[in-house]
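What follows is the residue order along each chain.
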Amino acid sequence: MKYLQELSNCQLCEHRCGVNRLEGEVGVCRMTLPMIASATLHPAPPQSYTIFMAGCNFKCLNCQNWSISQYPDNGMAVRGMENPENLAKESIYHLRSHIGQLMRADRIFFSGGEPTIHLPYIEKIVDAARKIQPSLKVNFDTNGFMTEESLNRVLELTTSITFDIKAYDDEVHRALTGAQVYPVLRNAAYIGKNAKDKLWEYRILVIPNMNERDVRPLSNFIASIDPSLRVCFLAFRPNFVMEQHPGATGALMQRCVDIAESEGLTNVYWSGRVGLRGSISAAATKLSRSYQNVEARHLATYALKAGCGTHPRDCKTCKTNQKCPIKRYTPRIST
Ligand code: SF4
Ligand code: SF4
């Protein structure tokens, strides 16, 4: 498997671990060989045959796909590593099927987890698929934490990109994901400036009382790149470590759209299920030295309660990142 050779010194994302994944070494994402979690026709726009890749370089407290993203530590079953040519054939078979046509599914959509951590494998699947159907569209769904080199490869590969921006404030981003925000904003700006035609939309998850104050600066940031770039605000639903946190309300989501428009954005909407019940966790005064931002402190409280003892959160340098309690967290509810 020559095409996986670069995994012998993995630098695919900004954690730049440099580990030899082919020899079983693991970095922050804890993945060795690429793994498919599942694959299915999916009706959410852009309609697609979606391949969910296992594993992630983030440890987001709110993760809706935690069973996939926190593999292999959560003991969940995955499909495994499969021959890229077979996956290409399978994808095209489903896209051309009666149901695929009825759904107007027109592309392979790589999601996860985070597909960047398996980029050479994905390139191989796309290459094989385009040998069968040269015009095949491809979507890449990302948390944006890739290196500039990986971003260029993703742009080369894709027709569309769905790009999550989880926060604007670095402390909030760290508290929520375990990683710094700078590379995400850098890559978001690069795509908005240089590959606008490939941006399906930026997706901004809104978590009540946690990243609400990021909506204005994030909107301003995107408007300063190009006011016509599409932005979707996604309503938080109680999940994973934040399973007890209340869901977003419709009023909050509309307020986000209004704020974004007041910052100059012209192509904004919100989506998702709203109004799910929960209770807001109290702030951990213990963390006041680690986070200036009070919302970051509230978020980090959830991480602390789930066993994360490194604050500000930084999964790259965390001494327990190979025995991370967040990756082993099993929620009681899932929405
Ligand atoms: S976290 Fe990123 S750099 Fe580290 S091993 Fe995983 S993909 Fe490679
Ligand atoms: S314990 Fe370490 S690796 Fe786990 S979430 Fe916290 S900072 Fe990240």
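Quick note: structure is the one above.
Residues numbered from 1 in each chain as written. Chains lettered and ligands numbered in written order. Predicted model: local features only at pLDDT ≥ 70, side-chain atom pairs only at ≥ 80, totals over all residues. Heavy atoms only, no water.

**Student:** Mind showing me how you'd approach the pairing of strand 8 (residues 268-271) here?
**Tutor:** Here is the key point about a regular strand: its side chains alternate between the two faces of the sheet. The pairing of strand 7 (residues 231-235) with strand 8 spans four bridges and is classified as parallel. What sits directly across from cysteine 232, in strand 8, is tyrosine 269. For the crossover that starts at strand 7, traverses helix 9 (residues 250-262) and ends in the parallel strand 8, the hand is right-handed. (Pairing = 2+ DSSP bridges. Helix = DSSP H or I, 4+ residues; strand = E, 2+ residues; numbered from the N terminus. Right-handed = clockwise from strand over helix to strand, strands pointing away.)

**Student:** Before we go on, may I ask you to explain the site of ligand 2 in this structure?
**Tutor:** Residues in contact with ligand 2, as listed here, are Lys59, Cys308, Thr310, Arg313, Asp314, Cys315, Cys318, Thr320, Asn321, Cys324, Pro325 and Ile326. Partitioning the shell around ligand 2 into residue classes produces six nonpolar, three polar and three charged. (Near = heavy atom within 4 Å. Nonpolar A, V, L, I, M, F, W, Y, C, P; charged D, E, K, R; others polar.)

**Student:** What should I look at first to understand the site of ligand 1 in this one?
**Tutor:** Near ligand 1, the surroundings consist of Cys10, Leu12, Cys13, His15, Arg16, Cys17, Val19, Arg21, Gly27, Val28, Cys29 and Ile117. Residues of the shell around ligand 1, tallied by class, amount to eight nonpolar, two polar and two charged.

**Student:** It is not clear to me how unusual backbone geometry should be interpreted in this structure. Could you clarify?
**Tutor:** With the exception of glycine, the majority of residues adopt a negative phi angle, and the majority of peptide bonds are in the trans configuration. Omega for the bond connecting proline 45 with proline 46 falls within 30 degrees of zero, at -10°, which places this linkage in the cis form. Mapped onto the elements of the fold, proline 46 is located in the loop between strand 1 (36-42) and strand 2 (48-53). At the junction of tyrosine 71 and proline 72, the peptide bond is cis and its omega measures out at 5° in the coordinates. Among the secondary structure elements, proline 72 is positioned in the loop between helix 1 (66-69) and helix 2 (84-96). Positive phi outside glycine occurs at phenylalanine 240, with the angle close to 50°.

**Student:** Which parts of the structure should I look at to understand the packing of aromatic side chains?
**Tutor:** Both the distance between ring centres and the angle between the ring planes are used here to describe each pair of aromatic rings. Enumeration according to the criterion identifies five aromatic pairs in this entry. With centroids separated by 5.7 Å and ring planes inclined at 90°, the aromatic side chains of phenylalanine 240 and tyrosine 329 adopt a geometry described as edge-to-face. Highlighted residues: phenylalanine 240 in the loop between strand 7 and helix 9 and tyrosine 329 in the segment after helix 10 (294-305), separated in sequence by 89 residues. One aromatic cluster is present, formed by Trp66, Phe240 and Tyr329 through successive ring pairs. (Phe/Tyr/Trp six-rings, centres within 6.5 Å; stacked < 30°, edge-to-face > 60°.)

**Student:** What's the story with the sheet that holds strand 7 in this structure? I'm lost.
**Tutor:** Picture the strands of a sheet paired through backbone hydrogen bonds; they go either parallel or antiparallel. Taken in spatial order, the eight strands make up an open sheet running 1-2-3-4-5-6-7-8, and their pairing is mixed. Two strands bound the open sheet, and with one partner strand each, they are strand 1 and strand 8. If you compare each strand with its neighbour and ignore which way they point, the axes differ by 20° on average. Note that strand 5 (residues 160-164) and strand 6 (residues 199-206) share four bridges and pair parallel. Within strand 6, the residue paired with threonine 162 across the bridge is glutamate 201. Each of strand 1, strand 2, strand 3 (107-111) and strand 4 (137-142) touches helix 4 (residues 119-132); the most contacted strand, strand 4, lies at about 165° to it. (Axes fitted to C-alpha atoms, helices over the stretch in contact; angles between N-to-C directions. Contact = heavy atoms within 4.5 Å.)

**Student:** Sorry if this is basic, but what is going on with the packing of helix 7 (residues 182-194) against helix 8 (residues 215-225) here?
**Tutor:** Describing two packed helices takes the angle between their axes plus the distance from one axis to the other. It is at 9 Å that the axes of helix 7 and helix 8 come closest, and there the two elements cross at 35°. For the crossing formed where helix 7 meets helix 8, the hand is right-handed. On helix 8, the residues touching Leu185, Ala188, Ala189, Gly192 and Lys193 of helix 7 are Leu218, Phe221 and Ile225. (Left-handed = near helix turned anticlockwise from the far one by under 90°.)

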